[in-house]
Every structure is written in structure tokens, then in C-alpha cells.
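Structural overview
Below are the chains, spelled out letter by letter.
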Amino acid sequence: QTPPNTAVNQSSAPRFGSVSAAGDGKFWATIEDQDGKLISTADGGATWQTIREKGVAGISFTDENRGWLSDRDGQIFSTGDGGKTWSKTLRDGTI
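Residues numbered from 1 in each chain as written. Predicted model: local features only at pLDDT ≥ 70, side-chain atom pairs only at ≥ 80, totals over all residues. Heavy atoms only, no water.

**Looking at the packing of aromatic side chains**
Cut-off, in case you're wondering: Side-chain rings of Phe, Tyr and Trp (the six-membered ring for Trp) are treated as a pair once their centres are within 6.5 Å; stacked means planes under 30 degrees apart, edge-to-face means over 60, and tilted covers the remaining angles. Each helix is a run of H or I in the DSSP string that is no shorter than four residues. Each strand is a run of E no shorter than two, and both are numbered from the N terminus. With a 1.4 Å probe rolled over the protein chains alone, any residue whose accessible area is under 20% of its type maximum counts as buried; one over 50% counts as exposed, and the rest are partly exposed.
Applying the stated criterion to the full structure yields three aromatic pairs. Aromatic pair tryptophan 28 and phenylalanine 61: ring centres 5.0 Å apart, planes at 15 degrees, arrangement stacked. Highlighted residues: tryptophan 28 in strand 2 (residues 27-31) and phenylalanine 61 in strand 5 (residues 56-61), separated in sequence by 33 residues. Across the pair, phenylalanine 61 and tryptophan 28 agree in class, each one buried.

In C-alpha cells form, the structure reads like this:
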């Protein structure tokens, strides 16, 4: 937490592309200015882990298990197990 009247260096803050809630304290996010890095947290943001180093365009979850990820190559992947495994769902408009 930033104390009152303290300047925050905005240039060092990451630029998020998408953020998605996936259950109690679980969030996924992409970081645009780090080549589309995908990160997640299971403790409400206290700690984060890198899931994929680069290439992710967006992420969206409808609940703690079902989610979709799009990459920068136009592919869409889906998960039904909270991101443990991902399956290619769509490539160039073909299911």
C-alpha cells in the first residue's frame, strides 16, 4: 500500500492487458509491456506466478474451472480444470 502523499513511479508499473477473476482469490492477468506474459494468483494477489513467459493476448474465466486464452498468433485455447491443462479450441476461425 502506498502511503498518502507519496508519488508512485508509473513508468515502472506493469501495463495489464486483461485481468480475469476465477474464483475465491484466484486471478489471471496478462502483462502487455512484457510481451504478453501470463501470470496468476491463488491468494488474492499476495503472490503471483508466471504461467507463460510471452505471447498471450487475452484471458477470460467464467468460473474457477472454465477459461479461455487467446495468443498473439490468433489461436484460442480453453481449460476446464482451472488452467492446469489447455486445449486448442480455435485456429484461424476453424473449430
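Next, the rest of the story.
**Details of the side chain of glutamine 75**
Rules: For the purposes of these results, a polar contact is taken to be a pair of N or O atoms within 3.5 Å, where, inside protein, one atom must be able to donate a hydrogen and its partner to accept one; residues adjacent in sequence count only when each atom of the pair is a side-chain atom.
In this structure, glutamine 75 sits in strand 7 (residues 75-79). Within the local environment of glutamine 75, its side chain forms a polar contact with the side chain of lysine 88, the two groups lying 2.8 Å apart.

**Remarks on the nonpolar core**
What counts is decided by this rule: By nonpolar core is meant a set of buried Ala, Val, Leu, Ile, Met, Phe, Trp, Tyr and Cys residues that side-chain atoms within 4.5 Å join together. Two residues form a contact once any of their heavy atoms are found within 4.5 Å.
Counting eight residues, the largest nonpolar core consists of Ala22, Trp28, Leu38, Val56, Ile59, Phe61, Leu69 and Phe77. By residue number, the principal contributor to this core is strand 5, which donates three residues. Ignoring anything within four residues of it in the chain, the contact list for valine 56 reads Thr30, Asp35, Gly36, Leu38, Leu69, Ser70, Asp71 and Arg72.

**Points about the sheet that holds strand 2**
Stated formally: Paired strands are those between which DSSP finds at least two bridges. In this analysis an axis means a line fitted to C-alpha atoms, helices contributing only their contacting stretch, and an angle means the value between N-to-C directions, from 0 to 180 degrees.
Judged by pairing direction, the sheet is antiparallel, and its four strands sit side by side in the order 1-2-3-4 without closing on themselves. The sheet terminates laterally at strand 1 (16-21) and strand 4 (49-52), the two strands that pair on one side only. Neighbour-to-neighbour, the strand axes of this sheet turn through a mean angle of 25 degrees, independent of strand direction. Note that strand 1 and strand 2 share four bridges and pair antiparallel.

**With respect to the side chain of threonine 79**
Take threonine 79: it is sitting in strand 7. Threonine 79 has contacts with Phe61, Asn65, Arg66, Gly67, Lys84, Thr85 and Trp86, leaving out every residue within four places of it along the chain.

**Some points on the environment of serine 18**
As for its placement among the helices and strands, serine 18 is situated in strand 1. Owing to a relative accessible area of 16%, serine 18 belongs among the buried residues under this scheme. Ignoring anything within four residues of it in the chain, the contact list for serine 18 reads Trp28, Ala29, Thr30, Gly58 and Ile59. Here isoleucine 59 takes part through its backbone nitrogen, which lies 3.1 Å from a polar atom of the side chain of serine 18.

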